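Each chain is listed here by its residues.
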Amino acid sequence: MIEARHLRVLRAVAATGSFSAAARELGCTQPAVSQQMKALEGAAGTPLLIRSGREMRLTEAGRALVRHAGGILAGLTAAEEEVAAIAGLRSGRVRLVSFPSGSSTLVPMALAEMRAAHPGTRVSLVEAEPPGSVEMLRSGDCEIALAFRYPQVSAEAEAASGGGGEWDDLILRPLLSDRLVGVVPEGHKLAGAGAVGIAELAGEPWIAGCPRCRGHLVEVCESEGFTPRIDFATDDYPTVVGLVGAGLGVAVLPELALESVRTKGATTVEVEPAVRREVVALTLPDLARVPAVAATLDRLERAARR
């Protein structure tokens, strides 16, 4: 195998015309240069130098190798510098996938901190709900996936709603426990109530969210003795709140989703039994050791604490 150190010696010999002069240029001994050249000729499988008295000339193979050596060594130096920059967070890329309510609340603060601390690291963002975001992580389409799950939901209901699947093969960073609250029209009879049993909303028309959220809503309601009548389904939280504000139904939404949504015409109430979803950041074990990925995970944790 031809090694970079052998190529450096060959270039020095070609430039200076002798082993002793090459040794002085490289800061080593003449026997060391001789040994390196012998090893290089062995790896190449052909003579690279013609020695005649005090003269030393390159063979055709030697000239070809010298021509390529400059580009090889320059490319290797560039690669070493790029890797060092990535390791030192002077450059690099992190592709982040997040569900919408995480994108509007946790992500902006985390990415602003990343840019301020490591301006050479590029972090991109696309939106996807779990389990799609987790599939993107496993297939190599991102380095970090923000996801959520409902610990109270059975595995059967999770699978039926498009979720399911374990995260045991992934590195999991818990971010926060996100409480779900009821959303009712301002003029609703239960508006202003301290806490509302979800069964008290049994006769209402419902507005539901993403497939996983709908599955979770149905399971919680059925555990309280009724099946919700879902008149509207939308993944867009402002639309949910708008429909509620127009008096078209009630909903249950995560508090995180309401952080960046105007609740005009609607108000929130606590629901019992208390329900929460677990919000996490996921990555692959090998990716967790990449400095830019680790730094982004740290910023997401800090944003969640705030």
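Residues numbered from 1 in each chain as written. Predicted model: local features only at pLDDT ≥ 70, side-chain atom pairs only at ≥ 80, totals over all residues. Heavy atoms only, no water.

Naming follows an unreviewed UniProt entry, where the protein chain appears as LysR family transcriptional regulator of Streptomyces rugosispiralis. We quote the UniProt Sequence similarities (unreviewed entry) comment for the protein chain here in full: "Belongs to the LysR transcriptional regulatory family." (UniProt positions renumbered as here; feature names shortened; annotations may be inferred.)

Quick look at the packing of aromatic side chains now. Per the stated rule, a full pass over the model turns up two aromatic pairs. Aromatic side chains F99 and F148 sit 5.0 Å apart centroid to centroid with 85 degrees between the ring planes, which places their arrangement in the edge-to-face category. One end of the pair, F99, is in the loop between β3 (92–98) and α5 (100–117); the other, F148, is in strand β5 (residues 144–149), with 49 residues separating them in the sequence. Here F99 and F148 have matching classes, each one buried. Centroid distance F148 to Y150: 5.9 Å. Interplanar angle 75 degrees. Geometry classified as edge-to-face. Take F148 and Y150: they sit in the same class, and that class is buried. (Phe/Tyr/Trp six-rings, centres within 6.5 Å; stacked < 30°, edge-to-face > 60°. Helix = DSSP H or I, 4+ residues; strand = E, 2+ residues; numbered from the N terminus. Buried < 20%, exposed > 50% of the residue type's maximum accessible area, 1.4 Å probe, protein only.)

Owing to its 3.6 residues per turn, the α-helix brings residues three or four apart onto one side. The terminal C-alpha atoms of helix α8 (residues 211–223), which comprises 13 residues, lie 18 Å apart, in line with the 18 Å expected from a rise of 1.5 Å per residue. Within α8, the full set of buried residues consists of R212, C213, G215, H216, L217, V220 and C221. G225 sits one or two positions beyond α8 and adopts a positive phi of about 100 degrees. (Expected span 1.5 Å × (residues − 1).)

The sites that UniProt annotates as "domain: HTH lysR-type" (unreviewed entry) are residues 2–59. Taken end to end, residues 2–59 has its terminal C-alpha atoms 17 Å apart, with 62% of it in helix and 14% in strand.

What follows deals with the nonpolar core. By size, the foremost hydrophobic cluster in this structure holds 56 residues, and its most contacted members are I144, L146, L175, W206 and L300. It is helix α11 (residues 291–305) that provides the largest number of residues to this core, a total of seven residues. Ignoring any residue separated from it by four or fewer positions in sequence, one finds I144 in contact with V94, R95, L96, V97, L137, A281, L282, V293, T296, L297 and L300. Among the nonpolar cores identified, the runner-up in size contains 17 residues, and L7, A22, L48 and L73 belong to it. (Core = buried A, V, L, I, M, F, W, Y, C linked by side-chain atoms within 4.5 Å. Contact = heavy atoms within 4.5 Å.)

Moving on, we get to the side chain of T296. Locating T296 in the fold gives a position in helix α11. Overall, T296 belongs to the buried group, its relative accessible area being 0%. Once residues lying within four places of it in the same chain are set aside, the contact partners of T296 are V94, M114, V123 and I144.

Attention shifts here to the pattern of salt bridges. Within the structure shown, the criterion is met by 15 salt bridges. Linking D169 and R138 is a salt bridge whose minimum nitrogen-to-oxygen distance equals 2.8 Å. One end of the pair, D169, is in the loop between α7 (155–160) and β6 (171–185); the other, R138, is in helix α6 (residues 132–138), and 31 residues separate them in sequence. In this structure, the salt-bridge partner of R277 is D178, at a minimum N-O distance of 3.0 Å. With R277 in strand β12 (residues 276–283) and D178 in strand β6, this pair connects stretches of sequence that are 99 residues apart. Residue classification places R277 among the buried residues on the basis of a relative accessible area of 1%. (Salt bridge = Lys/Arg side-chain N within 4 Å of Asp/Glu carboxyl O.)

The subject of this paragraph is unusual backbone geometry. With an omega of 10 degrees, the peptide bond between P130 and P131 qualifies as cis. Structurally, P131 can be placed in the loop between β4 (121–127) and α6. The residue after E272, namely P273, is reached through a cis peptide bond having omega 5 degrees. Take P273: it is sitting in the loop between β11 (266–272) and β12.

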